[in-house]
Amino acid sequence: MDFTLIITVALAAAIIVIVLLLVAIIVYQQWRIGDKNAALARFIQENLELSDKFNNK
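Residues numbered from 1 in each chain as written. Predicted model: local features only at pLDDT ≥ 70, side-chain atom pairs only at ≥ 80, totals over all residues. Heavy atoms only, no water.

(A) View of the overall build of the protein. On a plain count of helices and strands, the protein comes out with one helix and zero strands. Referenced to the eigenvectors of the C-alpha coordinate spread, the extents of the protein come out at roughly 85 × 10 × 5 Å. Buried residues in the protein amount to 0% of all 57 residues. With the model as given, the accessible surface of the protein reaches about 5,400 Å², and the carbon-plus-sulfur share is 72%. Treating the 5 positive side-chain charges of the protein as one cloud and the 5 negative ones as another, the clouds have centres 10 Å apart. (Helix = DSSP H or I, 4+ residues; strand = E, 2+ residues; numbered from the N terminus. Buried < 20%, exposed > 50% of the residue type's maximum accessible area, 1.4 Å probe, protein only. Areas by Shrake-Rupley, 256 points an atom, 1.4 Å probe, with all protein chains shown as cover. Lys, Arg positive; Asp, Glu negative; His and termini not counted. Charge placed at Lys NZ, Arg CZ, Asp CG, Glu CD.)

As C-alpha cells, this is what we get:
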C-alpha cells in the first residue's frame, strides 16, 4: 500500500477521535453546569421561603 494513504487515514482517524472527545467533554461540562444551577436555584428558593417565614412572624 501507499505510505501516504496510510498516514492520511491514520491522521483522519486521530482528528475524528479528538473532535469526538472534545464534543463529549463539552456535553459533560454543560450537564454539570446545569445540575449545579438547578441545585443553586433550589437553595435560593429555600432561603427565600425561610426568609419570608422569618419576616412574617
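(B) Local environment of the packing of aromatic side chains. One pass over the full model with this rule turns up one aromatic pair. Residues Tyr28 and Trp31 carry aromatic rings whose centres are separated by 5.9 Å and whose planes lie at 35° to one another, so their mutual orientation is tilted. With Tyr28 and Trp31 both in helix α1 (residues 3-56), this residue pair falls three residues apart, about one helical turn. For Trp31, a relative accessible area of 56% corresponds to the exposed category. (Phe/Tyr/Trp six-rings, centres within 6.5 Å; stacked < 30°, edge-to-face > 60°.)

(C) View of the environment of Ile26. Topologically, Ile26 is positioned in helix α1. In this structure, the C-alpha to C-alpha distance between Ile26 and Ala13, residues 13 residues apart in sequence, is 20 Å.

(D) Representation of the environment of Ile6. Its place among the elements puts Ile6 in helix α1. Take Ile6: its relative accessible area is 42%, and that puts it in the partly exposed class. In this structure, the C-alpha to C-alpha distance between Ile6 and Asp52, residues 46 residues apart in sequence, is 69 Å.

Read these as layout, nothing more, since geometry by itself doesn't imply function.
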